[in-house]
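Remarks on the overall topology
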Amino acid sequence: MTFGERLRALREERGVSLGELARATSYSKSYLSRVETGRRPGNELLAAACARALGVAPERLGPPAAADPPKAPDAVGSPCNPEAAPAPPPPVAVPVAVPVQLPPAPGVFAGREAALAELDGALSPSRPRWGEGGPRVWVLDGMGGVGKTALAVQWAHRVRDRFPDGVLFSDLAGHGSSGAPREPGEVLDGFLRALGADAGTIPPRVPERSALLRTLLAERRVLLVLDNAAAPAQVRPLLPGAPGCVVLVTSRTRMAGLVVREGARRVTLAPLPEERAVELLRRTLGPERVDADPAAAGELVRRCGRLPLALLVAAERALSRPGLTLTRVNEELRSDRTRLHVLAAADDGDSALRTVFSWSYRALAPEPARAFRLLALHPGAALTAETAAALLGTTAGNAHELLDVLADVHLLELEAPERFRFHSLLQVYGRELAESQDSQRDRAAALDRLYDWYRQGADAAGRLLEPGARPVGAAPLPGVRPPVFGAAEDAVAWCEAHLADLLSLIRHAALAGRPPAAWQLPFALWSFFHRQHHRAEWLNAARIAVAAAADSTDPRALTVSLALLGTAQLHAERPVEAEIHLRRALERCADGGAEPESECAARNHLAELILRQGRAAEALELLGPALPLARATGHRRAERVTLTNLGDASLRLGRLADAERFLLEGLSLRSTGPDPRTEGLALLHLGAVHRAFGRLPQAVGCLRRALELHRASGDRWARGRALEQLGHALVALGRPEEAVPLWHEALAVLAGDVAPAAPAAPGLLEPSGPEASRRPRFRLRPSTGS
């Protein structure tokens, strides 16, 4: 069998077409055809190129015909015309190369056990089996400085012995100080040379180089580490076709194209868990130094955002100055204005956090770049499409697209569905950029829109939870699209989801000298705080509101803020402080510091406080002027609240006829909307009146209806009292077997449980008269008059 016949037989056995062999070897298709048919003899150079392209040893082709001199490729890598070119000397056979291109393993490494275990899945026989399917492609993505390269190199060193044919490594320079990302053709040239290809046989074009790489790796087990990739298009030409190869790509982008088209598996790196970050410090600074001050070490970890690069730079700073304590390093990191300056290695600009972050930022188009800067102004860390739209002055749809762009390059992280979050150091970097690139006017306008969006949302929620309440502020600012709620449950869910950011905004507004936002936001949340019993948050927000209102030019601000604080203290079981602030609010009303509606509210809140203390006569006197004030405002809900409180005070004083009259009148008033809490409280007190008069069936009817309303309103305290009183009425009717489960449920509800607790011992809840019951937690929000 001639050389040409052996070549054809082997090519067909391998399933390679003549055209594919021509592209892989850079010999023309017509020349190869003439060799196979015997019209042209082979040569050593051709034999070596074909053997590499077909993935076999040159011996499989046998010796070429000696009469045919070898032909060298021309200057651009294509073979010369074999009919006319002079014959170069026969080449020496190229041995099969085993590249080992890994950089050294990281000097200090800790805290990535879970990610290492996940990457070990690339070697699992079930994903897929060696020798079946395509190569295993894994993407290791995450923000700059999170330790992607360190992890990739660490893992590659661990598993190197699983790849007997070598390890290829290339920094693709997708994000860095070296300029544009590396071209795939350049990387392919280096890989092909490392695998033993002669420089003269490497094709000039990327598709042919990529085909040659696949050919050379066809029967090999090689690990390829493609570090710092910019995009899937940069990676695809570098992928082998052999199932025995594994490719590990690191990138700041999510590489969604590789996941979709190449079936890549993604491992996303987050900042280190706090205990692992402390361990990294221990390995860098030494256990003695870290363990000597664990509190300072923990603070340093948090100041560095648990980011490995930041921790290593901070540790180097401490190591280079032996007298520098961790406490002192923390002091240097406390200011946002100097933090990124401190986190910079003195002799390595590429290790500075600001520089590392800039590589991701510089790759953004103008619109996402502006979004990154303005979104970083958010006083909190979490963002939704709606809050981003407010900051940017755009639609929620457009804002969501921009959030996705930023998340794709890990300038934001997806915290939960539809909720994004800044890493603390990236947010500091974004604010630096905003201060240097965006005008003070643009930054202030973005924050004004954000404050307004939250205020409008909290105000809309408050008016759903307390029908008839007047808006806290004015109409929405241009570019602000306020949240819309279909039901009270939606309003509560919105407030719960945004509570942390609302509190951050309140604090920021106070520190930034924006009194309107600092007192209006807490005031708008009053109904939510009252219903959900976030007592610590309510107290903090109210204190900030009072301090901000003292600097406000709005005369109503301090009055309503004092009432807010007093009510928060009332529900936090701080009666002395509550009475001081509520009386101060009432005094300001008397001095003309608020309109009649606010005075009516202040009187009701103070009456609630003193009723709890058993001072029913004093409460009745205090509430007397409140009723004409409520009627003068035309605010029906304020009138219903006052009548209900008057009924409660009269009941406690044993004036049952007066109590019944007040309560029935309050229940007869039409409100501006559904108000289950107010109606439920009136029915609760009326049930107690009926029970005191001996009208037990009427008492049971009122109390059952009160219980239904309190279940609907979500007021656990009032629901618990309705259950308790209904049980007493049923016992009085001779039906104790119905009362016992109600009392069990009351115990569970008043303890804050959602479901009834286990049955309690008999007699744990004793019947009590209406005068012994505590005052239900009911309140009326004063109006701002706006």
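From a predicted model like this one, the values you see are computed outputs, not experimental measurements. (Residues numbered from 1 in each chain as written. Predicted model: local features only at pLDDT ≥ 70, side-chain atom pairs only at ≥ 80, totals over all residues. Heavy atoms only, no water.)

Let's talk about the overall build of the protein
Defined as follows: Secondary structure elements follow DSSP: runs of H or I of four or more residues count as helices, runs of E of two or more count as strands, with numbering from the N terminus. Between buried and exposed lies partly exposed: a residue is buried under 20% and exposed over 50% of the maximum accessible area for its type, with that area taken using a 1.4 Å probe on protein chains only. Contacts: residue pairs with any heavy atoms within 4.5 Å of one another. Reported accessibility uses the Shrake-Rupley method at a 1.4 Å probe radius. Residues are deemed covered only where the shown protein chains occlude them.
On a plain count of helices and strands, the protein comes out with 37 helices and 8 strands. Evaluated residue by residue, the protein yields a buried proportion of 55% over its 786 residues. Relative to all contacts within the protein whose residues are 6 or more apart in sequence, the contacts with residues 24 or more apart total 69%. Carbon and sulfur atoms form 54% of the exposed surface of the protein, whose accessible area is close to 31,800 Å².

A closer look at the pattern of salt bridges
Two side chains carrying opposite charge are able to pair once their charged atoms lie near each other. Short version of the rule: Salt bridge criterion: a side-chain nitrogen from Lys or Arg within 4 Å of a carboxyl oxygen from Asp or Glu.
Counted under the stated rule, the structure contains 48 salt bridges. Put simply, Glu331 and Arg328 hold a salt bridge, and the shortest N to O gap is 3.1 Å. Of this pair, Glu331 and Arg328 both sit in helix α15 (residues 326–333), separated by 3 residues, roughly a single helical turn. A relative accessible area of 38% places Glu331 in the partly exposed class. Because the salt bridges share partners, they merge into one network encompassing Glu279, Arg282, Arg283 and Asp291.

What about the packing of helix α27 (residues 555–571) against helix α28 (residues 575–590)?
The following threshold applies: The convention used is that axes are lines fitted to C-alpha atoms, helices contributing only their stretch in contact, and that angles between N-to-C directions extend from 0 to 180 degrees. Under this scheme an angle from 65 to 115 degrees is roughly perpendicular, one under 35 degrees roughly parallel, and one over 145 degrees roughly antiparallel; angles in between are oblique. Each crossing is labelled by how the near helix is turned from the far one, with a counterclockwise turn of less than a right angle marking it left-handed and a clockwise turn marking it right-handed. Gly is placed with the polar residues, together with every amino acid not listed as nonpolar (Ala, Val, Leu, Ile, Met, Phe, Trp, Tyr, Cys and Pro) or charged (Asp, Glu, Lys and Arg).
At a closest axis distance of 8 Å, the pairing of α27 and α28 adopts a crossing angle of 155°. Classed by the angle they form, the pair α27 and α28 counts as roughly antiparallel. Where α27 crosses over α28, the handedness of that crossing is left-handed. Of the residues in α28, those in contact with Pro555, Leu558, Thr559, Leu562, Ala563, Leu565, Gly566, Thr567, Gln569 and Leu570 of α27 are Glu577, Ala578, His581, Leu582, Arg584, Ala585, Arg588 and Cys589. For the contact of α27 with α28, the residue count by class is 10 nonpolar, 5 polar and 3 charged.

Observations regarding the sheet that holds strand β6 (residues 382–383)
Counted only if it meets this: Strand pairing is assigned whenever DSSP detects at least two bridges linking the two strands.
An order of β6-β8-β7 is seen for the 3 strands of this open sheet, with the pairing classed as antiparallel. Two strands in the sheet have a free side with no partner beyond their single neighbour: β6 and β7 (413–416). Sheet analysis places β6 next to strand β8 (residues 419–421), joined by 2 bridges and oriented antiparallel. Bridge assignment links Ala382 to a residue of β8, and that residue is Arg421.

Overview of the packing of aromatic side chains
Applied cut-off: Aromatic rings from Phe, Tyr and Trp, taking only the six-membered ring of Trp, are treated as a pair when their centres fall within 6.5 Å; an angle between ring planes under 30 degrees marks them as stacked, one over 60 as edge-to-face, and anything in between as tilted. For a lysine, the NZ atom is tested; for an arginine, the CZ atom; a charge sits over a ring if that atom is within 6 Å of the ring centre and within 35 degrees of the ring normal.
Per the counting criterion, the structure on display carries 12 aromatic pairs. Between Tyr454 and Trp494 the ring centres are 6.3 Å apart and the planes differ by 45°, which places this aromatic pair in the tilted class. Here Trp494 lies in helix α23 (residues 488–511) and Tyr454 lies in helix α22 (residues 440–465), a separation of 40 residues in the sequence. Look at Tyr454 and you get buried, because its relative accessible area is 0%. Look at Trp494 and you get buried, because its relative accessible area is 10%. For the pair Phe523 and Trp526, a centre-to-centre distance of 5.7 Å together with 70° between the ring planes defines the contact as edge-to-face. With respect to burial, Phe523 and Trp526 carry one shared label: buried. Feature note: the residues Phe357, Tyr361, Phe372, Phe422 and Tyr429 constitute an aromatic cluster, connected by ring pairs. One Lys or Arg, Arg661, reaches over the ring of Phe662 and ends 4.5 Å from the middle of that ring.

Overview of the nonpolar core
Put simply, the rule is: Throughout this description, the term nonpolar core refers to a set of buried Ala, Val, Leu, Ile, Met, Phe, Trp, Tyr and Cys residues connected via side-chain atoms within 4.5 Å.
Counting 140 residues, the largest nonpolar core has Trp155, Leu223, Leu281, Phe357, Phe372 and Leu375 as its most contacted members. The dominant element in this core, judged by the number of residues it contributes, is α23, at 11 residues. In this structure, Phe372 is in contact with Tyr361, Leu364, Leu406, Leu411, Phe422, Leu426, Tyr429, Gly430 and Leu433, ignoring residues within four places of it in sequence. Counting 30 residues, the second-largest nonpolar core is a separate cluster that includes Ala194, Leu216, Leu238 and Cys245.

Points about the environment of Leu709
Here Leu709 is to be found in helix α35 (residues 696–713). Classification of Leu709 as buried rests on a relative accessible area of 7%. Expressed as a C-alpha distance, the spacing of Leu709 and Thr678, which sit 31 residues apart in the sequence, is 9.1 Å. In this view, Leu709 contacts Pro676, Glu679, Gly680 and Leu683; residues no more than four positions away in its chain are not counted.

Side note on helix α37 (residues 736–750)
Here is the rule we go by: To estimate the expected span of a helix, subtract one from its residue number and multiply by 1.5 Å.
Over its 15 residues, α37 extends 21 Å from the first C-alpha to the last, a length consistent with the 21 Å expected when each residue adds 1.5 Å. By the burial criterion, the buried members of α37 are Ala739, Leu742, Trp743, His744, Glu745, Ala746, Ala748 and Val749. Taken together, the buried residues of α37 touch α35 and α36 (716–732).

Some remarks on the side chain of His378
Looking at the secondary structure, you find His378 in the loop between α18 (366–375) and β6. Leaving out residues up to four positions away in the same chain, His378 has contacts with Leu383, Thr387, Leu391, Gln427, Arg431, Leu450, Tyr454, Asp501 and Leu505.

Quick word on the packing of α18 against helix α20 (residues 396–408)
Taken N-terminus to C-terminus, the directions of α18 and α20 make an angle of 90°; their axes are 10 Å apart at the nearest point. Classified by the angle between their axes, α18 and α20 sit roughly perpendicular to one another. Contacts between α18 and α20 involve Glu367, Pro368, Ala371, Phe372 and Leu375 from the former and Asn398, Leu402, Leu403, Val405 and Leu406 from the latter. Looking at the contact of α18 with α20 residue by residue, the classes come out as 8 nonpolar, 1 polar and 1 charged.

Things to note about the sheet that holds strand β3 (residues 223–229)
Whenever strands of a sheet pair, they do so through backbone hydrogen bonds, lying parallel or antiparallel. With respect to topology, 5 strands assemble into an open sheet ordered β2-β3-β4-β1-β5, the strand pairing being parallel. The open sheet is flanked by β2 (167–171) and β5 (265–268), the only strands paired with a single partner. Ignoring which end each strand starts from, the neighbouring axes of this sheet average 15° apart. Inspection of the sheet shows strand β1 (residues 136–141) paired to β5 by 4 bridges, in the parallel sense. Counterpart to Trp138 in the pairing with β5 is Arg265. Those strands touched by helix α7 (residues 184–194) are β2 and β3, and its axis lies near 155° from that of β2.

With respect to helix α1 (residues 3–14)
Applicable threshold: Note that the arc is defined by the directions from the helix axis to the C-beta atoms.
Taking 1.5 Å per residue, 12 residues should reach 16 Å; α1 reaches 17 Å between its end C-alpha atoms and fits that length. Of the residues making up α1, those classed as buried are Phe3, Gly4, Leu7, Leu10 and Arg11. In an axial view of α1, the angular spread of the buried residues amounts to 135°, which keeps them on one side of the axis. Projecting away from the buried face of α1 at angles above 90 degrees are the exposed residues Glu12 and Glu13. Among the structural elements, α2 (18–25), α3 (29–36) and α4 (44–54) are those in contact with the buried residues of α1. Phi for Gly15, located one or two positions after α1, is positive at around 75°.

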